[in-house]
Amino acid sequence: MKVKKINDWFEKIGRFEIKHRWFFIIGLLILTVVCSMGLTRLKLDNGEEDWFDDWETTKINQDHFESIFGSTDTLMAHITVKDTTVFDPEVLNMIDELGNELLNNVPYADSITSLMELSLPIGTEEGFEVTSPFEDGVPSDPKEFEQKREFIMSRESLVNSLVSEDMTETWLIVNLEQYSEGLDEAMNKIAPPAMSIFNDPKYQSEKWEIRPAGLSYTEYEEEEQITGQCISRIGLGFVVMLLFLIIFIRSLRGVVVPSIATVGALCTTLGASGWMNIKGNNTMLLVTVLLSMALAVGYAVHYINSFKMYFRKTGNRIESVVMGVRDSGWALFFTVITTMAGMLSFLSAGIRPMRWVGGITAAAVLTVFIFEIILLPCLYSFGKNKEADSRFVETDGSTNSDLKVEAMGKAILKKKWITVIAGSLIILAMLPGLFMIKVNMNYSDMMGERTPYIKRLMEITRSQLGSQYSYEVLVEYDQEDALKDPQVLKNMDILADRIGTLSMTKVSNGKPRVSSVTKVIKEMNRTLNSDDPLAYVIPDDQDLVSQEMFLYEISGGSDLYNYVSEDFKAGYLHIELAGYDGEAIVQNMNAVNTWVKELFPDASNAGIVGEVVQYAHMNGKLVRGSIKSIGTSLLVILLLLILAFTSLRTGLIAMIPNVAPIVIIGGIMGYANVNLDMITAMLMPMILGIAVDDTIHFTNHIKYHYELTGDYKKAVLNSYREIGKTMIMTTIILCAMFGIFLTSTMTVLVNIGWLSVVGLGSALIADYTLTPVLLYMTKPFRN
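The paragraphs below set out a description of the structure included in this document. (Residues numbered from 1 in each chain as written. Predicted model: local features only at pLDDT ≥ 70, side-chain atom pairs only at ≥ 80, totals over all residues. Heavy atoms only, no water.)

1. With respect to the environment of R317
1) Next: Among the secondary structure elements, R317 is positioned in helix α10 (residues 317-344).
2) Next: Under the relative-accessibility criterion, R317 is labelled buried at 9%.
3) Next: In sequence terms R317 and V659 are 342 residues apart; their C-alpha atoms lie 39 Å from each other.
4) Next: With sequence-adjacent residues up to four places away left out, R317 is seen in contact with R253, F307, F311, Y380, S381, F382, G383, K384 and N385.
5) Next: A polar atom in the side chain of R317 sits 3.2 Å from the backbone oxygen of K384. (Helix = DSSP H or I, 4+ residues; strand = E, 2+ residues; numbered from the N terminus. Buried < 20%, exposed > 50% of the residue type's maximum accessible area, 1.4 Å probe, protein only. Contact = heavy atoms within 4.5 Å. Polar contact = N/O pair within 3.5 Å; in protein donor to acceptor, adjacent residues only side chain to side chain.)

Right, dumping it as structure tokens:
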């Protein structure tokens, strides 16, 4: 395929466009307005359920669990005290008042569990009763108060679970009802009033510190943080883009058009998505915005520099506009096709948000190109001609900086073998790092402790009682009262003991944080046996177990059905984790599943459910999805390059500078222990989409000039002179834009910043060195 023939065709397009420029401008305006009206219908959220298809086993099991036991969400307050204990009357009264206020003002609040709201069996002269020691408030009699304190601290089910053994930490837990809506809607109702209460000055004291937690509460904080950080950094990046365009382009039209193209393309594509009722992901939208900004800059700089080169040597505005379309149109269009192909590769990932961002970003890339290819020629066509500058006539429109870039190209060609060897060594050095990358969807690591709420959650996690992640083990039978069988209950205790030995299980002062219905039965058995600590066991007789459960229920106990279904067909164990390590948790869960099959062979349904299971499955899906996406992207781009240049050798050579930055980014991630997560997984295809642009421009120019001259050296040097400066300019602007993310408090955005700078920088170096040197050495074009 002759580049010259294609360029001639784009020249005709340019002349047609200028002839009908008002038609194109008005048509683009109408399209933008109509599509943008759909923005009011656009739905964006960050729901974790979107990362799983409804038919997946993980989601089905979670829904089944919640249909039996209700919501797994709670609103919690981790309370630590200084220079006193949590049994200080002032602390207890604060806990009581705080609990009541949360219960009365937070939507979906159902009940309170705290030192002031317990459900414990207590022996009496008539037998026993289930009550809360501080049900009537904090007693003023020191002796009575001490008895109640000693009683609570003697309960094995409470110590190092609800209250630490040194009495410096405790939990206040607001149990929430099942939502009548999704998490996104519920958290917007639950979190704001809870925040208002926690921040009330009357709950602030030097005696204690209250750290709120809970799924809906922290998800609300996370969304606020992500939204604020992303908007502010994108806004700053946009300003930086404008400043550098002003510095480099020195043209009002050259600054305005990329701005309009970015905003217009995003409004058009997202508005169209709204009209089609396609739900999006607000975190993944970051990729679309960044790539749109980046490509708008790249496309504009390439066209404007091409236009200016002709305008300097001819002074004819209309002809220069047309020649700009001729020389840059095909390369720009081909980069659009390859970038779209790279983003559409996300459709193979099997993860809904990745599929969405792949489709919407591909559409945005095409729309950016349409805006640029219409607005730039049309707007630059308005204005007067000028006298040709004799200085530029002699240099074919090139400036001194263009000639310096050409001289640098000569030096690179002169040391071609050093270039090839150095490039090969760098790539080989990065390869081991690729295999060191860890996949870990840990939000704490992604957000980083410079983020205030993450710092608070990590302080909770590192405390005696705190944990951030948990999961449940469901045990379900077909027969009613199956959970009254002493052997089933004992097996649940055996399972709890085994889980307590796993590496990721939280241990508080030697006590594994595993709870189930057995703690209620063992507390009852102890109470009925004169409060003998040795009686804190599961009875061997099923009738006795049934009686103890019945007595607990009719005496007003409220904890029983927190862990078993009303028909006693199903029960579960709740396990809290010490932290999040995706690989370690997967290993732990494999062990738990093995033990479940061994201990409950007759159960109709037994296994792990919970948020952490979803994260663990997401780890695997993310690996598979990322590998599929990157692999598909590379393969599709390779095929397109081969087709465009009608040469297998040229296509393979053109791929080398594009693979290099991916290998370098991946290697550095592995060496620097940067986890692959939902954001960094998108980085490599995004960088590939940007890097391939310069490769196509450079390769296309070399082939074009070879067709004109028949001399590889002249073709390479002409290309350095014509577009070498443009490549440097676009890379500097993009690096400056992404560098803004280094100022973020979110670790994942900081990682995007420096990894993008490294990727774009290495892509420029590869295109400046490997692309021309390899084409010069292999001479792949036909005569």
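2. Here we look at the sheet that holds strand β13 (residues 570-576)
1) Next: One open sheet accounts for four strands, arranged β12-β13-β9-β14; its pairing is antiparallel. The two strands at the open ends of the sheet, each matched to only one other strand, are β12 (514-515) and β14 (605-609).
2) Next: Direction of pairing for strand β9 (residues 470-476) relative to β13: antiparallel, over a ladder of seven bridges. Paired with E472 across the strands is H574, a residue of β13.
3) Next: Across the face of the sheet, helix α17 (residues 486-499) comes into contact with β9, β12 and β13 while running at roughly 15 degrees to β13.
4) Next: Across the face of the sheet, helix α20 (residues 582-599) comes into contact with β9 and β14 while running at roughly 165 degrees to β14. (Pairing = 2+ DSSP bridges. Axes fitted to C-alpha atoms, helices over the stretch in contact; angles between N-to-C directions.)

3. Concerning the side chain of S756
1) Next: Considering the arrangement of structural elements, one finds S756 in helix α25 (residues 747-778).
2) Next: By relative accessible area, S756 is classed as buried at 0%.
3) Next: Excluding anything up to four places from it in sequence, S756 contacts L683, M686, I687, F738 and N751.

4. Concerning the packing of aromatic side chains
1) Next: Summed over all chains, the structure comprises 23 aromatic pairs.
2) Next: Of the aromatic side chains, those joined through ring pairs into one cluster are W9, F10, Y299, W330, F333, F334 and F369.
3) Next: It is R21 that lies over the ring of F382; its NZ or CZ is 4.1 Å from the centre.
4) Next: Across from the ring centre of F568, 4.5 Å away, lies the NZ or CZ of K484, which sits over that ring. (Phe/Tyr/Trp six-rings, centres within 6.5 Å; stacked < 30°, edge-to-face > 60°. Lys NZ or Arg CZ within 6 Å of the ring centre and 35° of its normal.)

5. Focus on the pattern of salt bridges
1) Next: Overall, the coordinates contain 25 salt bridges when judged by the stated rule.
2) Next: One salt bridge connects D8 with K4, and the closest N-O pair in it is separated by 3.4 Å. Of this pair, D8 and K4 both sit in helix α1 (residues 3-19), four residues apart, roughly one helical turn.
3) Next: Taking the relative accessible area as the measure of exposure, D8 reaches 28% and is therefore partly exposed.
4) Next: Since its relative accessible area comes to 38%, K4 is described here as partly exposed. (Salt bridge = Lys/Arg side-chain N within 4 Å of Asp/Glu carboxyl O.)

6. Section: the nonpolar core
In summary, soluble globular proteins display a tendency toward joint burial of nonpolar side chains.
1) Next: In terms of nonpolar packing, the biggest core is built from 219 residues, with F87, L102, Y471, V473, I499 and F600 touching the most fellow members.
2) Next: Per element, the largest residue contribution to this core is 19 residues, and it comes from helix α9 (residues 285-314).
3) Next: Of all hydrophobic cores here, the second largest spans 24 residues; its members include I702, L764, A766 and L770. (Core = buried A, V, L, I, M, F, W, Y, C linked by side-chain atoms within 4.5 Å.)

7. Structural notes on the environment of S259
1) Next: Examined against the element boundaries, S259 turns out to sit in helix α8 (residues 252-275).
2) Next: For the pair formed by S259 and V297, sequence separation is 38 residues and the distance between their alpha carbons is 8.6 Å.
3) Next: The contacts of S259, once residues within four sequence positions are left out, are F238, M241 and L242.

8. Describing the pairing of strand β7 (residues 208-213)
1) Next: Burial of β7 is extensive: five of the six residues sit out of reach of the surface.
2) Next: Here six bridges tie strand β2 (residues 74-81) to β7, and the two strands are oriented antiparallel to one another. Following the sheet pairing, M76 is matched in β7 by A213.

9. Some points on a negative patch on the surface
1) Next: Taken together, the side chains of E117, E129, E135, D136, D141 and E144 present a region of like negative charge at the surface.
2) Next: Tracing the backbone shows E135 in the loop between β5 (127-131) and α5 (142-153). (Patch = residues over 30% accessible without salt bridge, like charges linked within 9 Å, V, L, I, M, F, W, Y side chains within 5 Å. Areas by Shrake-Rupley, 256 points an atom, 1.4 Å probe, with all protein chains shown as cover. Lys, Arg positive; Asp, Glu negative; His and termini not counted. Charge placed at Lys NZ, Arg CZ, Asp CG, Glu CD.)

10. A look at the sheet that holds strand β3 (residues 109-113)
Strand pairing in a sheet takes place through backbone hydrogen bonds and is either antiparallel or parallel in direction.
1) Next: The sheet built from four strands is open, its strands ordered β3-β6-β2-β7 with antiparallel pairing. If you trace the sheet from one side to the other, it starts and ends with β3 and β7, each paired once. Within this sheet the neighbouring strands show an average axis-to-axis angle of 20 degrees, counted without direction.
2) Next: Pairing between β2 and strand β6 (residues 169-176): seven bridges, direction antiparallel. Looking at the pairing, I79 lines up with T170 of β6.
3) Next: Sheet strands in contact with helix α16 (residues 452-461) are β2, β6 and β7, and its direction is about 105 degrees off that of β7.

11. Remarks on the packing of α17 against helix α18 (residues 518-528)
Packed helices, taken two at a time, are described by their axes: the angle between them and the distance between them.
1) Next: For the pair α17 and α18, interaxial distance at closest approach is 10 Å and the crossing angle is 115 degrees. When the axes of α17 and α18 are compared, the pair comes out roughly perpendicular. Every pair of crossing elements has a handedness; the one defined by α17 and α18 is left-handed. For the pair α17 and α18, the contacting residues are L489, M492 and D493 in the first and T518, I521 and K522 in the second.
2) Next: In terms of residue class, the contact of α17 with α18 is built from three nonpolar, one polar and two charged. (Parallel < 35°, antiparallel > 145°, perpendicular 65-115°, else oblique. Left-handed = near helix turned anticlockwise from the far one by under 90°. Nonpolar A, V, L, I, M, F, W, Y, C, P; charged D, E, K, R; others polar.)

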